[in-house]
Amino acid sequence: MYYVEAMNKSSRVLSSKAHEFAGDVATIKGWVRIRRDHGKLIFLDIRDRDGIIQVVVNPRISEEAHKVAQELRPEFVVEITGNVNKRPENAVNKDIVSGTVEIEATEIKILGSAETPPFDITTDGLDVNEETRLKYRYLDLRRNRMQKNIRLRSDCMQAFRQALIKKEFVEIETPLLSKATMEGARDFIVPSRYQPGKFYALPQSPQQYKQLLMVAGFERYFQFPHCLRDEDPRADRGFEFTQLDLEMSFVAREDVMETVENVVVETVKAVKGKLKSDKFPVFTYKEAIEKFGADKFDLRTDEEKKDGTLAFAWVIDFPFFRPVSKTEISDKFDSKSKWTFTHNPFSMPISEHKEWFLKGENVGQIITTQYDLVCNGLEVGGGSIRAHTPELLKATYKIMGYSEQQIQESIGHMLEAFSYGTPPHGGIALGLDRLVAILGGESSIKEVTAFPMTATGRTAIMDAPAEVSDEQLRELKIKIG
Ligand code: AMO
């Protein structure tokens, strides 16, 4: 009998740790970044998951290794064993972590050969056409900038997770196949095979499920849900994106804001981001419009714009309702209604306006408990305290002109759930992609997403949306055209 540990004889050193093996023998594994043939000596820059290391191949040390090195081209995958030699003082490369040493190869194995890549991956890639970058995303992701961005995203998620677990939040997943929610965008729908003619909607957010988790008594929930919204993609907007979604019971607006502020500050510090302030200033919607002409704004000075500072602020006291505009899709809201919600139909009005809200009076003046988090000119989060009794939730839909029957069809399940003892609760969702983009100094969320879509909604590499077979359509009882 063996144990896996004893079977696994391959000891491997990462480029960033190679200097610890100076004077010793080490094996490295990675990709050939550059090969420079100086006649007798061949120099290789080998890239592994956390850096670059120089290898020198001298035929006097190993003729065999030198022969293999002559075959190497950029992006070949290799395993190289050799002596880790200290570089002379004048040859130290301060730009790389392994710069004080180089490996003198005694053995080179080719683990995978490579075609010439369709673009240079030693640059930042911003000059390469987007379609090409996304078609070959697995190569595009090899570049240093993309490796940094994707690792930053992972670090952020871990820091958020740790900060929330410390505050006794529970991570809970909610379904992707579900019913339409009302986040204000179009749904992506999925046909049902078991019930032909019926469709699931992919979630625009886990809004209703997270509230049901409060009914269920979890008190503090979070997850990193994928949200799907069929709206025109932009630099800060994708069909598919990730939120940091959370919800808390027995809280007032200030409790949620304070919790989120603490968690965001802790996360930004954990990933070495620079904050304009640990305390986020709070503006009312009215103040924001008067001061900045918009409800998202940039509080950075010109200097701070250059040094990667993050300037967060809260916006509160938004109007709950707005008049329905003529251009809005007529079947989305009841045709008789004059009003629709500005942010979230599940929100609670501020306590001073509860009476108006329940009576449907002074609708245009009702202020919601909604709070938005703004950073460097972008909306990076939004949430509210919720209407947690059936009476309060119904009031929103009555103001929007829904009949009793339409209310039941739309949110009957929530009204029923709320009738079984529901704690007051509220929460927020942060746009993870936007936050990471800001932290990484990137202007598009695509730069911090492993496999984003093209501007026209085509997926990276796999070329979806695509046609499906007649057989699949028959099973779903769907006819095209
Ligand atoms: P909201 O719709 O404001 O709230 O979404 C929360 C945050 O998610 C980000 N975001 C997006 N990021 C990339 N692409 C998109 N298409 C996109 N849409 C939104 C934004 C936004 O602030 N259920 C509520 C939250 C709540 O009330 O708790 C919700 O989803 O940064």
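Provided above is the structure to which this section pertains.
Just so you know, these numbers come straight off a predicted model, no measurement behind them.

Student: How would you summarise the overall build of the chain if you had to cite specific residues and measurements?
Tutor: Check the secondary structure of the chain and you find 14 helices and 20 strands. Dimensions of the chain along its principal axes, counting C-alpha atoms only, are 90 × 60 × 55 Å. Relative to its full complement of 481 residues, the chain shows a buried share of 46%. Within the chain, contacts between residues separated by at least 24 positions form 65% of all contacts whose residues are at least 6 apart in sequence. For the chain, the accessible area works out to roughly 25,600 Å², and carbon and sulfur atoms hold 52% of it.

Student: Go over the packing of helix H5 (residues 144-166) against helix H7 (residues 253-270), please, and point to the residues and values.
Tutor: Axis angle and axis distance: for two packed helices, these are the angle between their axes and the distance between the axes, and together they describe the pair. Direction vectors running N to C along H5 and H7 enclose 140°, while the axes themselves pass 9 Å from each other. As judged from the angle between their axes, H5 and H7 are oblique. Note that H5 runs across H7; the crossing there is right-handed. Touching Cys156, Ala159, Phe160, Ala163, Leu164 and Lys166 of H5 are Val263, Val264, Glu266, Thr267 and Ala270, all from H7. Of the residues contributing to the contact of H5 with H7, the split by class is 8 nonpolar, 1 polar and 2 charged.

Student: Help me get a handle on the layout of surface pockets, residues and values and all.
Tutor: Approximately 780 Å³ is the volume found for the second largest pocket. Taken together, 22 residues line the second largest pocket, and the ones lying closest to its centre are Phe188, Ile189, Pro465, Ala466 and Val468. Only strand S7 (189-191) and helix H14 (470-476) provide two or more residues apiece to the lining of the second largest pocket. Here the lining of the second largest pocket gets 4 residues from one element, more than from any other, and that element is H14. Across the lining of the second largest pocket, the residue classes break down as 16 nonpolar, 3 polar and 3 charged.

Student: Outline helix H13 (residues 432-439), listing residues and values.
Tutor: Of all 8 residues in H13, 8 are buried; the element is thus mostly enclosed. Residues Leu432, Asp433, Arg434, Leu435, Val436, Ala437, Ile438 and Leu439 constitute the buried set of H13. At the exit of H13 stands Gly441, carrying a positive phi of roughly 70°.

Student: Lay out the pattern of salt bridges in plain terms, naming residues and giving numbers.
Tutor: Counted by the stated rule, this structure contains 37 salt bridges. Note that Arg253 is salt-bridged to Asp317, the shortest N-O span being 3.0 Å. Pair noted here: Arg253 is in helix H7 and Asp317 is in the loop between strand S15 (312-316) and strand S16 (321-323), with a separation of 64 residues, a long-range link. On the basis of relative accessible area, Arg253 is assigned to the buried category, the value being 16%. Here Lys394 ties to Glu404 by a salt bridge, and the two come within 3.0 Å at their closest N and O atoms. Residue Lys394 is found in helix H11 (residues 390-399), and its partner Glu404 is found in helix H12 (residues 404-418); the two are separated by 10 residues along the sequence.

Student: Residues and numbers for the site of the ligand, please.
Tutor: Residues in close proximity to the ligand total 24 residues, the closest being Gln207, Lys210, Arg229, Glu379 and Arg386. Gly238 is positioned with one of its backbone polar atoms (N or O) 3.0 Å from a nitrogen atom of the ligand. Side-chain polar atom of Asn344 to an oxygen atom of the ligand: 3.1 Å apart, as the coordinates give it. Elements with a contribution of two residues or more to the shell around the ligand: helix H6 (207-215), strand S11 (240-249), strand S19 (378-385) and strand S20 (425-431).

Student: Mind laying out the sheet that holds strand S2 (residues 41-48), listing which residues take part and the relevant values?
Tutor: The sheet built from 5 strands closes into a barrel, its strands ordered S1-S2-S3-S5-S4 with mixed pairing. On average, adjacent strands in this sheet sit at an angle of 50° to one another, irrespective of strand direction. Sheet analysis places strand S4 (residues 77-86) next to strand S5 (residues 101-112), joined by 10 bridges and oriented antiparallel. Looking at the pairing, Thr81 lines up with Glu107 of S5. Helix-sheet contacts for helix H2 (residues 63-71) involve strand S1 (25-38), S2, strand S3 (51-57) and S5, and the interaxial angle to S5 is about 65°.

Student: Describe the state of the cysteines, naming the residues involved and giving the relevant values.
Tutor: Cysteine pairs can be linked by a disulfide, which is a covalent bond between their two sulfur atoms. Evaluation of the coordinates by the stated rule reveals 0 disulfides. Note on Cys156: no disulfide assigned, nearest cysteine sulfur contributed by Cys375 at a separation of 11 Å. Note on Cys227: no disulfide assigned, nearest cysteine sulfur contributed by Cys156 at a separation of 17 Å. Judged by its relative accessible area of 1%, Cys227 falls in the buried class.

Student: Just give me the short version of unusual backbone geometry, but keep the residues and values in it.
Tutor: In the segment running from Ala464 into Pro465, the intervening peptide bond is cis, with an omega of 5°. As for its position among the elements, Pro465 is in the loop between H13 and H14. The backbone phi angle of Asn362 is positive, close to 45°, even though this residue is not glycine. Inspection of the secondary structure assignment puts Asn362 in the loop between helix H10 (354-359) and strand S18 (371-375). The phi torsion at Asn376 lies on the positive side, around 50°, for a residue other than glycine. The topology assignment puts Asn376 in the loop between S18 and S19. Asn376 sits in the buried class, given a relative accessible area of 14%.

The rules behind each value
- Residues numbered from 1 in each chain as written.
- Predicted model: local features only at pLDDT ≥ 70, side-chain atom pairs only at ≥ 80, totals over all residues.
- Heavy atoms only, no water.
- Helix = DSSP H or I, 4+ residues; strand = E, 2+ residues; numbered from the N terminus.
- Buried < 20%, exposed > 50% of the residue type's maximum accessible area, 1.4 Å probe, protein only.
- Contact = heavy atoms within 4.5 Å.
- Areas by Shrake-Rupley, 256 points an atom, 1.4 Å probe, with all protein chains shown as cover.
- Axes fitted to C-alpha atoms, helices over the stretch in contact; angles between N-to-C directions.
- Parallel < 35°, antiparallel > 145°, perpendicular 65-115°, else oblique.
- Left-handed = near helix turned anticlockwise from the far one by under 90°.
- Nonpolar A, V, L, I, M, F, W, Y, C, P; charged D, E, K, R; others polar.
- 1 Å grid on protein atoms, 1.4 Å probe; cavity = no way out; pocket = protein on both sides within 12 Å on 5 of 7 lines; lining within 4 Å.
- Points joined across faces, edges and corners; volume = space filled by probe spheres on them.
- Salt bridge = Lys/Arg side-chain N within 4 Å of Asp/Glu carboxyl O.
- Near = heavy atom within 4 Å.
- Polar contact = N/O pair within 3.5 Å; in protein donor to acceptor, adjacent residues only side chain to side chain.
- Pairing = 2+ DSSP bridges.
- Disulfide = S-S within 2.5 Å.

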